[in-house]
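As a plain string of letters, each chain reads:
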Amino acid sequence: MLIQCPECRNNVSNKAISCPLCGYPINLLYTPQNPTQQENSKPKPKRKKYKKLPNGFGSIKKLSGNRKNPYAAYPKAIGFNYNGSPILPPAIGYYKDWHTAYEALKEYNKNPYELDKKFITFKEVYDLYFQDKYIKNQKKKFSNASINSTKVAYNNCSPIHNKIFRELRKSDMQRIIDECPLKHSSLELIITLFKQMYKYAIQNDIVDKDYSQFVTINIPDDDESGEPFSDEELQTLWKNKDDPTVRIILMMIYSGFRIKAFETIEINLEEHYFLGGVKTQAGKNRIVPIHNDIYEFSKIFTESNFNSTRFRRYNFYPTLKKLGIEYTKNGKKHTPHDCRHTFSWLCDKYGVNDFSKHLLMGHSIGNDTEKSVYGHRTIEELRQEISKIKVEICC
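This structure is a prediction, so every number in the text was calculated from the model and none was measured. (Residues numbered from 1 in each chain as written. Predicted model: local features only at pLDDT ≥ 70, side-chain atom pairs only at ≥ 80, totals over all residues. Heavy atoms only, no water.)

Next up on the list: the overall build of the chain. Scanning the chain from terminus to terminus reveals 15 helices and ten strands. Counting only residues that meet the buried cut, the chain has 39% of its 395 residues in that class. For the chain, the accessible area works out to roughly 24600 Å², and carbon and sulfur atoms hold 49% of it. (Helix = DSSP H or I, 4+ residues; strand = E, 2+ residues; numbered from the N terminus. Buried < 20%, exposed > 50% of the residue type's maximum accessible area, 1.4 Å probe, protein only. Areas by Shrake-Rupley, 256 points an atom, 1.4 Å probe, with all protein chains shown as cover.)

What follows is the structure in structure tokens.
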């Protein structure tokens, strides 16, 4: 490219060091601008401004570097350095944008939690729960069997031992139950452990929602089979009705409820009915009129003090053994579920309406559309049916 020399007006190449005629320095006249200088000369984009956070709300900082979640949310400062800069506690989390960090900080301020509890694992919660229940609690003495059952249930949860407890969801615990090859009773112990750990965690502000309540056992109960008590065995029970354990056994026999249901059963003494049930949708929250012969037993029963596992082991089996009715005529050991089989047998023996029997026992109607839609029964109708069952005590 030719340019004009300012001294002699001669045409000179812009790459020449000096004018060949007069010697004027051309390289000082034309110097291309540095590309870096051109880039730096561009105006910088204005930094986006966000609304000012309230005093004591906390702070949000964008961290340097190429991060997936560059926005850190901090609770309010816990003090100040000598130079006046705030001392921040650990961040409650790291987020993809300012608004997500703001929402997290807002939720934190609604229910602040101790930051060290945020990252506590399933194992650590179990250790705290175990200490609280079995070591620190001096009011109650637990058997070695109860302690070992808790330990075994915990060992069966190994896939989630190191998971953050706050991050567990129903699906994590459901997977433990679904993939465990053990029997129904062992799965019940695992679910009991889940529920007790969540109860402890909620009481100590580790979590604010109990996901264990949604976990279910999706295999048949292997204790459902059984054999009813015979007429002679019922006679023995009624002759020993002053025994507190026998009274509960008779309540189970003449109501049809499973042993587990008595942990949460509601007893309406004024209107003479039970409300409760477990297992199936049809069996839950069903109303069963109180049979007249067990009404007095129901008046002194307290569900809050009833534990099905403890009653089964320390009351039910020892009492049957003491009365000499531990085994059936076929040599099979009686179980608490035999009480439910006895109720079913009594319904058949004394002519309880078949559909009413299904309602009293919480059986599903299945595909019988006519009965499921039109087969309603009032509590008085159910009371008339259950009163057909007679208690016949021989002298």
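Having seen it, we continue.
Let us look at the sheet that holds strand E7 (residues 93-95). Pairing is antiparallel in the open sheet, where three strands are placed in the order E3-E4-E7. Looking along the sheet, the strands with just one partner apiece sit at the ends: strand E3 (59-62) and E7. Looking at each pair of strands side by side, their axes are set apart by 30° on average, direction ignored. Pairing between E3 and strand E4 (residues 71-74): four bridges, direction antiparallel. Counterpart to Ile 60 in the pairing with E4 is Ala 73. (Pairing = 2+ DSSP bridges. Axes fitted to C-alpha atoms, helices over the stretch in contact; angles between N-to-C directions.)

In total, this model carries 21 aromatic pairs according to the counting rule given. Their ring planes at 75° and their centres at 4.9 Å tell us that Tyr 134 and Phe 142 sit as a pair that is edge-to-face. Overall, the relative accessible area of 18% leaves Phe 142 in the buried class. When the centroid spacing of 5.2 Å and the interplanar angle of 45° are considered together, the rings of Phe 306 and Phe 311 count as tilted. An aromatic cluster is defined as three or more aromatic residues linked by ring pairs; in this entry it consists of Phe 122, Tyr 126, Tyr 129, Phe 130, Tyr 134, Phe 142, Tyr 154, Phe 165, Phe 194 and Tyr 198. The residue whose ring lies beneath Lys 333 is Tyr 317, and the NZ or CZ to ring-centre distance is 4.6 Å. (Phe/Tyr/Trp six-rings, centres within 6.5 Å; stacked < 30°, edge-to-face > 60°. Lys NZ or Arg CZ within 6 Å of the ring centre and 35° of its normal.)

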